[in-house]
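Below are the chains, spelled out letter by letter.
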Amino acid sequence: MPLTLPQLNAAALAEAAQMLDGLYEHSPWIAEQALKARPFRSLPQLKHAMAQVVAQADRDAQLALIRAHPELAGKAMMANSLTAESSNEQNKAGLTHCTPEEFAKIQQLNTAYNARFGFPFVLAVRGPRGLGLSKAEIIASFERRLDNHPDFERAECLRNIHRIAEIRLADKFGHTPELGNLIWDWSERLALHSDPGYAERGELTVTYLTDAHRACAQRLSHWMREDCGFDEVSIDAVGNVVGVYHGSDPGAKRLLTGSHYDTVRNGGKYDGRLGIFVPMACVRELHRQGRRLPYGFEVVGFAEEEGQRYKAVFLGSGALTGNFDMGWLEQKDADGVTMREAMVHAGLCIDDIARVQRDASKYLGFVEVHIEQGPVLNEIDLPLGIVTSINGSVRYVGEIVGMASHAGTTPMDRRRDAATAAAELALYVEKRGGSVPHLVATVGMLEVPNGSINVVPGRCRFSLDIRATTNEVRDACAADVRAELQRICEKRGVHFRLEETMRAAAAPSAPAWQQRWERAVDALGVPLYRMPSGAGHDAMKLHEVMPQAMLFVRGENAGISHNPLESTTSDDMQLAVEAFQQLLDNLATETP
């Protein structure tokens, strides 16, 4: 019989420790110390308590924990001396049935990894879905992580150890993340659609109104209608997929939610899409239970947020707020196709774009679930984060102009080097961006046009991206950077141009809606963690017309995003659905 939390909470310490035996390989001290924090309200709370024990342990104890783990397809496996848990995991990943070539490759990687780091490679081989990674995925992870910094790799091993413990804990308690698994499966199936040139390489790219983009819209609308039971499903005049689940009073105000289904080039499967699938799963459960809320629930898959095909970010959500710029219609993509032509080809009615705008008075507010796209939740081992504000941002492109001259004959004190001026600016930007909490500043692009190995650079182009939780902090940084750029150029005898290309106001979460997310997360027994969002989101646009608040979901692989390695687990997605269900139920008790 599976364990239960009441049993664990009521048991004597030694008995409770025995119940949790095997979660952490040959390291019972972790569970023993964590059990001092009983009673636990949830498995995530128990898991976090164990992770905290490891985080507070000294470096030697952490290394001993890592070294307690066997090599993958290593000597212990060959000698049949693995623990039952490790044997099950390596078997599920197919490591007990390697071909001679695969076995030789993994042994080579084990040797190289141990030589570099001094501890065995640890990977949660059952993977984000719990079914087991393929051997190709395991080998790719091995090769990629060999390039990590030793301190980062030690932390990455510990993160994987916590994931292993989470899976083992679920096995002990008979917990299956059914809705998280459903979202995982939806994500995999939607990712089958990718733009030409990328699909052939197995890369995910879905840009506005391509065949892949339109196929995604059709797939989403089908799932909304047939699998989830939405009352109304449509694709609007800009390509947004809209699903409505009526309340007990069809004329009641609605709660609005959603995110985008387009992607960056060679991106991940969860950026944006997670914020569509989580509320879809909530509607699916409401429909299966025959339940109606006292308010309506509207889920929008926004057609475009990334601005990859055309220079028109937040196109889908902007249309809802009345901010669709009709001038965008004449923009051309790389193939010379205008947005107008693409919309007509897709069967969208341009004359209906104005009708996409929502009357904010008919909505309770907007909430959005999104993968974090950063390392914070992953580092502190928490599955969910409460967003306090979406950072305001400003972007520039610039160029420093000096004098191109011969690298051999121009004395060092007579050079007008544009590249070193840009380098000096980049170092200042890094220092200024780190001077204030929740401020970031980045020089992301540096280019010497027609540069040559034996020529002092006469020109250097650069970009500048500044973000902060408030507009005032952002603008103060921008002013200081511009002043420093002026000083550097005057000192070096060069000049510059700087063009602002984008400005977005900070979007603080509405206090009442942030508190609703906090109550929902707390009800799951998950420790609360509040954090700003450094990335932009559709919620920024909806913030202009109605109150909004966001929930972050932890990402795997140190939270990397806009990258094929972007991932999250079915367990974390399950918690996101449960938090959303709590929010919906709590809101139902507030709504007259």
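Keep in mind that what you see is a predicted model, and the values were worked out from it rather than measured. (Residues numbered from 1 in each chain as written. Predicted model: local features only at pLDDT ≥ 70, side-chain atom pairs only at ≥ 80, totals over all residues. Heavy atoms only, no water.)

**Q** Describe the overall build of the protein, and please don't skip the residues or the numbers.
**A** The secondary structure content of the protein amounts to 21 helices and 16 strands. Computed over C-alpha atoms, the radius of gyration of the protein comes to 26 Å, within 12% of the 25 Å expected from 2.2 N^0.38 for 592 residues, which places it in the range of a compact globule. Principal-axis analysis of the C-alpha atoms places the extent of the protein at approximately 75 × 70 × 45 Å. The burial tally for the protein puts 55% of its 592 residues in the buried class. Partitioning the intrachain contacts of the protein with sequence separation of at least 6 by distance along the chain shows that 77% fall at a separation of at least 24. On the protein, the mean spot of the 62 positive side-chain charges and the mean spot of the 76 negative ones are 2 Å from each other. (Helix = DSSP H or I, 4+ residues; strand = E, 2+ residues; numbered from the N terminus. Rg over C-alpha atoms; globule rule 2.2 N^0.38 Å. Buried < 20%, exposed > 50% of the residue type's maximum accessible area, 1.4 Å probe, protein only. Contact = heavy atoms within 4.5 Å. Lys, Arg positive; Asp, Glu negative; His and termini not counted. Charge placed at Lys NZ, Arg CZ, Asp CG, Glu CD.)

**Q** Any details on the nonpolar core? Residues and values, ideally.
**A** Within the largest apolar cluster, 101 residues are counted, with the highest numbers of intra-cluster contacts made by Tyr-208, Met-280, Met-339, Met-343, Trp-517 and Phe-580. In contact with Met-343, other than residues within four places in its own chain, are Tyr-208, Leu-209, Ala-237, Val-238, Leu-329, Leu-348, Ile-350 and Ile-353. Membership of the second largest hydrophobic core comes to 52 residues, among which are Leu-3, Leu-5, Met-19 and Phe-121. (Core = buried A, V, L, I, M, F, W, Y, C linked by side-chain atoms within 4.5 Å.)

**Q** Residue-level account of the pairing of strand β6 (residues 384-390), with values.
**A** With six of seven residues buried, β6 lies mostly within the body of the structure. In this structure, β6 lies alongside strand β15 (residues 530-533), joined through three bridges in parallel fashion. What sits directly across from Ile-390, in β15, is Ser-533. Across two bridges, β6 lies against strand β14 (residues 507-508) in antiparallel orientation. By the bridge assignment for β14, Ile-390 is matched with Ala-507. (Pairing = 2+ DSSP bridges.)

**Q** Help me get a handle on unusual backbone geometry, residues and values and all.
**A** Look at the link from Arg-38 to Pro-39: it is a cis peptide, with omega at 5 degrees. Along the chain, Pro-39 turns up in the loop between α3 (29-34) and α4 (43-56). Positive phi values are uncommon outside glycine, yet Gln-373 reaches one of about 65 degrees. Note that Gln-373 resides in the loop between β5 (363-371) and α16 (376-380). For Ala-558, which is not a glycine, the phi torsion comes out positive at approximately 60 degrees. Residue placement: Ala-558 occurs in the loop between β16 (548-553) and α21 (570-590). Judged by relative accessible area, which is 15%, Ala-558 ranks as buried.

**Q** An account of the packing of aromatic side chains is needed here, citing residue identities and associated values.
**A** By the definition in use, this model includes 14 aromatic pairs. Centroid distance Tyr-113 to Phe-117: 4.6 Å. Interplanar angle 55 degrees. Geometry classified as tilted. On the criterion of helical spacing, the pair formed by Tyr-113 and Phe-117 is a turn pair, its members being four residues apart in helix α8 (residues 100-117). With respect to burial, Tyr-113 and Phe-117 carry one shared label: buried. (Phe/Tyr/Trp six-rings, centres within 6.5 Å; stacked < 30°, edge-to-face > 60°.)

**Q** Tell me about the packing of α8 against helix α9 (residues 135-145), and please be specific about residues and values.
**A** Relative orientation of the contacting elements α8 and α9 amounts to 25 degrees, with a least axis distance of 10 Å. Classified by the angle their axes make, α8 and α9 are roughly parallel. For the element pair α8 and α9, the recorded crossing hand is left-handed. Where α8 approaches α9, its residues Glu-102, Lys-105, Ile-106, Leu-109, Asn-110, Tyr-113 and Phe-117 are matched on the opposing element by Lys-135, Ile-139, Phe-142, Glu-143 and Arg-145. Of the residues that constitute the contact of α8 with α9, the class distribution is six nonpolar, one polar and five charged. (Axes fitted to C-alpha atoms, helices over the stretch in contact; angles between N-to-C directions. Parallel < 35°, antiparallel > 145°, perpendicular 65-115°, else oblique. Left-handed = near helix turned anticlockwise from the far one by under 90°. Nonpolar A, V, L, I, M, F, W, Y, C, P; charged D, E, K, R; others polar.)

**Q** If you had to explain the environment of Ala-199 to someone new, which residues and values would you point to?
**A** Mapping Ala-199 onto the fold places it in the loop between α11 (178-190) and α12 (211-228). Taking C-alpha positions, Ala-199 is 9.5 Å from Ala-212, a pair spaced 13 residues apart along the chain.

**Q** Which residues make up α8, and what values do they have?
**A** The first and last C-alpha atoms of α8 sit 26 Å apart over 18 residues, in line with the 26 Å expected at 1.5 Å per residue. Looking only at α8, the buried set comprises Ile-106, Leu-109, Asn-110, Tyr-113 and Phe-117. For α8, the buried positions fall inside an angular range of 110 degrees around the axis, keeping them on one side. Structural note: α8 exposes Pro-100, Glu-101, Thr-111 and Ala-115 on the side pointing more than 90 degrees away from its buried face. Lining the buried residues of α8 we find α9 and α10 (150-173). Just past α8, the residue Gly-118 takes up positive phi, approximately 80 degrees. (Expected span 1.5 Å × (residues − 1). Arc of directions from axis to C-beta.)

**Q** Go over the pairing of strand β2 (residues 241-245) with me, naming the residues and quoting the values.
**A** The buried count for β2 comes to five of five residues, which makes it a mostly enclosed element. The two faces of β2 match: Val-241, Gly-243 and Tyr-245 on one face and Val-242 and Val-244 on the other face are all buried. Looking at chain direction, strand β1 (residues 232-235) and β2 are connected through four bridges and run antiparallel. Paired with Val-233 across the strands is Gly-243, a residue of β2. Count of turn residues in the β1/β2 antiparallel hairpin: five residues, of which Gly-239 carries a positive phi of about 100 degrees.

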